[in-house]
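Letter by letter, the chains look like this.
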Amino acid sequence: MRPTEEQRELRDALRRLFAERSPSAEVRRLMGTRAGYDPALWSLMADQLGLQGLAISEEHGGAGYGMRELAVVFEEMGRAVVCAPFLATITAAAALEAGDGGRDLLPGIADGTTIATLAVAENGSWDLDGLATRVEDGRLRGAKGFVLDGHIADLLLVAARDEDGVGLYAVHGETAGVTRSPLPTVDQTRRLARVAFDGVPARRVGGRGAVRRALDVAAVALAAEQLGGAQRTLDMTVEYAKVRRQFGRPIGSFQAIKHRCADMYVQVESARSAVLNAAAAADEDPDGLPAAAALAKAYCSDAFFHAAGEAIQLHGGIGFTWEHDAHLYFKRAQASRQLFGAPARHRERLAALAGLTGAAAAP
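Just so you know, these numbers come straight off a predicted model, no measurement behind them.

Thoughts on the domain arrangement of the chain
Interface size, as often reported, equals the accessible area lost upon joining of the parts.
Next up, step 1: Split into domains, the chain comes out as domain 1 (5-86 + 106-111), domain 2 (116-207) and domain 3 (210-354).
Next up, step 2: Contact between domain 1 and domain 3 buries roughly 1,700 Å² in total, counting both sides, with carbon and sulfur atoms accounting for 57%.
Next up, step 3: Per-residue buried area on domain 1 facing domain 3 is highest for Arg28, Met67 and Arg79; these three make up 38% of the total on that side.
Next up, step 4: Put simply, domain 1 and domain 3 have five salt bridges between them.

Topic: the pairing of strand E7 (residues 192-201)
Next up, step 1: Within E7, seven of the 10 residues are buried, leaving the element largely enclosed by the surrounding structure.
Next up, step 2: Where strand E3 (residues 139-148) and E7 come together, eight bridges link them in antiparallel fashion. In the sheet register, arginine 139 faces E7, and the bridge partner there is proline 201.
Next up, step 3: Sheet analysis places strand E6 (residues 178-182) next to E7, joined by five bridges and oriented antiparallel. Paired with threonine 179 across the strands is alanine 196, a residue of E7.

Topic: the UniProt feature "domain: Acyl-CoA dehydrogenase/oxidase N-terminal" (unreviewed entry) in the chain
Next up, step 1: Per the UniProt record, "domain: Acyl-CoA dehydrogenase/oxidase N-terminal" (unreviewed entry) is annotated on residues 4-86.
Next up, step 2: Segment residues 4-86 splits into 59% helix and 0% strand. End C-alpha atoms: 23 Å apart.

Describing helix H1 (residues 5-21)
Next up, step 1: Helix length check: H1, at 17 residues, gives a terminal C-alpha distance of 24 Å against a target of 24 Å (1.5 Å per residue), a fit within 8%.
Next up, step 2: If you check which residues of H1 are buried, you get Gln7, Leu10, Leu14, Leu17 and Phe18. Buried residues along H1 cover an arc of 95° about the axis, so they all sit on one side. More than 90 degrees from the buried face of H1, the exposed residues found are Arg16, Ala19 and Glu20.

Thresholds, definitions, all that
Residues numbered from 1 in each chain as written. Predicted model: local features only at pLDDT ≥ 70, side-chain atom pairs only at ≥ 80, totals over all residues. Heavy atoms only, no water. Domains from an automatic or database assignment. Buried area = accessible area lost by both parts, 1.4 Å probe. Salt bridge = Lys/Arg side-chain N within 4 Å of Asp/Glu carboxyl O. Buried < 20%, exposed > 50% of the residue type's maximum accessible area, 1.4 Å probe, protein only. Helix = DSSP H or I, 4+ residues; strand = E, 2+ residues; numbered from the N terminus. Pairing = 2+ DSSP bridges. UniProt positions renumbered as here; feature names shortened; annotations may be inferred. Expected span 1.5 Å × (residues − 1). Arc of directions from axis to C-beta.

Right under this line is the structure:
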């Protein structure tokens, strides 16, 4: 599927923006800050490019585009390892769009004034059947782990058990009874938090279907970001192989190096196909989205991790130093593999959806 003219223009604009506003030196600076992102860049993304509202419907303040356009954004953010609460906010927006009672919260997300996040995981699992967090008499009790940007989010969308099974509940981040604790992370470019709720008043904004839709959208978005990271590590490795000389020749002329770069290229292009398929399913085929999302997340996780590892290896001694940018991608690749479920879990889900195993099809 060829990109449209609008998508190409969006890609070019984003590449220029992130090259100027999010070079590796800026990424490393933001890694040392408490917030973990640049509020000025966040505002620019909303005010000048409308990225936060790109896939939100026009009636709720967005631009009315879809996952294909978002995939372009996430790929470019992955290329630059951008530090921003964008994945968290887009995932939350998808949950509200799919829900039935919180669409009045979307305009704030669309204009960039609300940072939102989805809180699902408990004990390292995104399985909705194992939720311990509960809502009783309109009050939320329990705790969530691995909450993306949970330490700064203005709006928390929490998956919890209720009398109807699983519900999605909106809680403002500064509400009394909410305790937010940043977690140590391998990937310092992406912040996670533990969020606890002690009898917090909560508003129901959706059910199990809204949570499940949001997790599928999150998987596709993260896969697109992983694609961008994998493409960038391939590009930097090929460039290095052209200029690094050994035995009087560029190392890229050695057959062993050629083969490893070729393998990286095949994986990256296969990942691209998986992302394009999943983005199309998100826009046009709701029934096919779960399988497409599982496939994309599983494949792109492995492709990015392999490409990032090869980048370190093929850069030789310099690649093993923290000062080299290959480490930013390697740590992002390692952490992203586990986020929203490890590749093995998504393969199990894909097999179940295809009727090949007895595994649970919908976590």
